[in-house]
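# Inside the fold
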Amino acid sequence: MIPLVVALALLTDVSLPHALVGFGVFQIVWGIRYGLPVSVEPMKALAALAIAGALTYAELALAGLVLGALLLAIGLTGTLARVERWIGEPVIRGVQFAVGLVLLETGVDLAVGDPVLAAAGVAIAAAAALAGHGKASALAVAVVGIALALVTAGVPAPRWPGAPPTLSLAVLSGAVTRNTADGIAAQLAMTIGNAALATSLLFADLFDAEVTPDELSASMGATNLIAVPLGAIPMCHGCDGVAGKHAFGARTGGANVVLGVGYLVAVPFASPALLDAFPVAMLGALLAIVAVSLARNALDSENVALSVAIGLVALATNLGVAFLLGIVAHLAWERVGESDESTDRL
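Attention shifts here to the overall build of the chain. Within the chain one finds 17 helices and 2 strands. When the backbone C-alpha atoms are referred to their principal axes, the chain occupies close to 75 × 45 × 40 Å. When the 346 residues of the chain are sorted by exposure, 53% land in the buried category. Within the chain, contacts between residues at least 6 apart in sequence are counted, and of these 85% link residues at least 24 apart. With an accessible surface of roughly 14900 Å², the chain has 67% of that area assigned to carbon and sulfur atoms. One way to put it: in the chain the 13 positive side-chain charges average out to a point 5 Å from where the 23 negative ones average out.

Written out as structure tokens, the structure is:
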């Protein structure tokens, strides 16, 4: 969460204090509701596009609201499994790979401004990995970056955030663009695959708990419809976040309460001066680490070639086009497989 939110606050019009309030509140809400260490994290496809400059703040917010309505409707009507059947696992992995490539490109662009500082960020991540804390490598870089910002700017005087960024009807109507539609399509694939289906399975495997994908879809929908108008960024659940919390010892929703309180305590200190002092080149290294973590998911695909192709097409065109072409290719591949099975039986 921290690397993406810091990047959004530095590179876009996202308000860091309001984003932290959203994460803090909903970490607590869903931790209490499910009684499990459920993840509340940024919608990565939308965040990556916004960080890369492909989405404005208004487009990011509108995409979050549309996805909120879609996910709530899917969850309440129990239709998530039918939607997932059309998308397919290789397409989901391909979108993850594409998002990783987008973040990597942005990270490299930021890092070249100060290669020494960027190399220091990579070295910190490598040290964390060698110490057996690979999953915390991005967090280690973020903590060092925040420490450098505190040394440069000093500890800011605490101040509670004011009104959230304006999202009037006129602002949102101007955000009805192809870029918004592309972001919604790509994020929907990741959310259905990672945040709903995979998270539900992980709760069963790690905690012997039954949380249906439709329940998770509905809670994500409600989160965004409430939080985005109040200045938060689009949020979702995620299997990686649950796995990370479990690896660090979380077993109940109490972990969410502790984390949520931590975010809320940080809100009054999340000042513009502190953000401006964050080393941008180190942020580039941070985004590159997150990018590699996302992109490597393509290796787990049941059709690695298709997943990699989706990522490359997305880099050459855009995520929306790659997503739609990926669905067509996946359905055609499945049809060919079914035909081969029928021929073998004959």
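Counting 97 residues, the largest nonpolar core has Val-99 and Leu-103 as its most contacted members. It is helix α10 (residues 178-207) that provides the largest number of residues to this core, a total of 12 residues. Look past the residues within four positions of Leu-103 in its chain and what remains in contact with it is Leu-4, Ala-48, Ile-51, Leu-287, Val-290, Ala-291 and Leu-294.

With 17 residues, helix α8 (residues 137-153) should cover 24 Å at 1.5 Å per step; its first-to-last C-alpha distance of 24 Å lies within 8% of that length. Residues of α8 that are buried: Ser-137, Ala-138, Val-141, Ala-142, Gly-145 and Ala-149. One side of α8 holds all its buried residues, which, seen down the axis, span an arc of 135 degrees. Immediately downstream of α8, the backbone of Gly-154 shows phi near 80 degrees, a positive value.

What follows deals with empty space enclosed by the protein. Summed over the entire model, instances satisfying the criterion amount to 1 cavity of 30 Å³ or more. In this model, the largest cavity occupies a volume close to 100 Å³. Lining the largest cavity are 15 residues, and of these Glu-41, Lys-44, Met-190, Asn-194 and Cys-236 sit closest to its centre. Only β1 (41-42), α10 and α12 (239-247) provide two or more residues apiece to the lining of the largest cavity. It is α10 that provides the largest number of residues to the lining of the largest cavity, a total of 5 residues. When grouped by side-chain class, the residues that make up the lining of the largest cavity number 6 nonpolar, 6 polar and 3 charged.

A few words now on the layout of surface pockets. What the largest pocket holds in volume is close to 1500 Å³. The greatest single-element share of the lining of the largest pocket, amounting to 6 residues, is contributed by α12. Its residues assigned to classes, the lining of the largest pocket comprises 22 nonpolar, 11 polar and 8 charged. Of the voids in this model, the second largest pocket is the one considered here, and its volume is about 460 Å³. Around the second largest pocket sit 23 residues that line it, and Leu-16, Leu-20, Ile-146, Ala-266 and Leu-274 are the ones nearest its centre.

Applying the stated criterion to the full structure yields 4 salt bridges. The shortest N-O distance in the salt bridge between Glu-89 and Arg-93 comes to 3.1 Å. Taken as a pair, Glu-89 and Arg-93 lie in helix α6 (residues 89-111) at a separation of 4 residues, close to a single helical turn. Here Arg-178 makes a salt bridge to Asp-182, at a shortest N to O gap of 3.8 Å. Taken as a pair, Arg-178 and Asp-182 lie in helix α10 at a separation of 4 residues, close to a single helical turn. Judged by relative accessible area, Arg-178 falls into the exposed class, the value being 57%. Its relative accessible area of 12% is what places Asp-182 among the buried residues.

Quick look at a nonpolar patch on the surface now. Judged by side-chain polarity, Ile-146, Leu-150, Val-155, Val-261, Val-265 and Phe-269 come together as a nonpolar surface patch covering roughly 480 Å² of accessible area. Mapped by element, the contributors of at least two residues to the nonpolar patch are α8 and α13 (254-266). Relative to the helices and strands, Ile-146 is located in helix α8. Ile-146 gets classed as partly exposed once you look at its relative accessible area, which sits at 32%.

On to the side chain of Ser-15, then. Among the structural elements, Ser-15 can be located in the loop between α1 (2-11) and α2 (16-34). Among the residues examined, Ser-15 registers a relative accessible area of 16% and is labelled buried. At a separation of 2.6 Å, a polar atom in the side chain of Ser-15 contacts the side chain of His-18. When sequence neighbours within four positions are dropped, the list of residues in contact with Ser-15 reads Pro-165 and Gly-231.

Each value, and the rule that gives it
Each chain carries its own residue numbering, running from 1 in the written order of its sequence. In keeping with the predicted nature of the model, local features appear solely for residues at pLDDT of at least 70, side-chain atom pairs appear and are counted solely at 80 or more, and the whole-chain, interface and lining totals rest on all residues. With hydrogens and water set aside, each side-chain value is computed from the structure's full complement of heavy atoms. Segments assigned H or I by DSSP are reported as helices when at least four residues long, segments assigned E as strands when at least two residues long, and all are numbered from the N terminus. Relative accessibility decides the category of a residue: with a 1.4 Å probe and only protein chains considered, values under 20% of the type maximum give buried, values over 50% give exposed, and everything between is partly exposed. Two residues form a contact once any of their heavy atoms are found within 4.5 Å. Computed by Shrake-Rupley with a 1.4 Å probe, the accessible areas treat only the displayed protein chains as cover when residues are assessed. For the purpose of counting charges, residues Lys and Arg are taken to be positive, whereas Asp and Glu are taken to be negative. His and the chain ends are not included. Working definition for charges: the position is that of NZ of Lys, CZ of Arg, CG of Asp or CD of Glu. Within this scheme, the nonpolar core is defined by two criteria: the residues are buried Ala, Val, Leu, Ile, Met, Phe, Trp, Tyr or Cys, and they are joined through side-chain atoms within 4.5 Å. In this scheme, a helix's expected span is set at 1.5 Å multiplied by one less than its residue total. Of all possible arcs, the one meant is that of the directions from the helix axis to the C-beta atoms. Using a 1 Å grid laid over the protein atoms alone, points where a 1.4 Å probe fits but cannot get out form a cavity; open sets with protein on both sides within 12 Å along at least 5 of 7 lines form a pocket; any residue with an atom within 4 Å of a point counts as lining. Grid points are joined across faces, edges and corners, and a volume is the space filled by probe spheres set on the points. Only Asp, Glu, Lys and Arg are considered charged, only Ala, Val, Leu, Ile, Met, Phe, Trp, Tyr, Cys and Pro nonpolar, and every remaining residue, Gly among them, polar. Salt bridges are defined as contacts in which a side-chain nitrogen from Lys or Arg sits within 4 Å of a carboxyl oxygen from Asp or Glu. Nonpolar side chains (Val, Leu, Ile, Met, Phe, Trp, Tyr) are joined into patches within 5 Å and like charges within 9 Å, using only residues with over 30% relative accessible area and no salt bridge. Two N or O atoms count as a polar contact when they lie within 3.5 Å, although within protein this holds only if one can serve as hydrogen donor and the other as acceptor, and sequence-adjacent residues are included solely when both atoms are side-chain atoms.

This is a description of form; function is not addressed.
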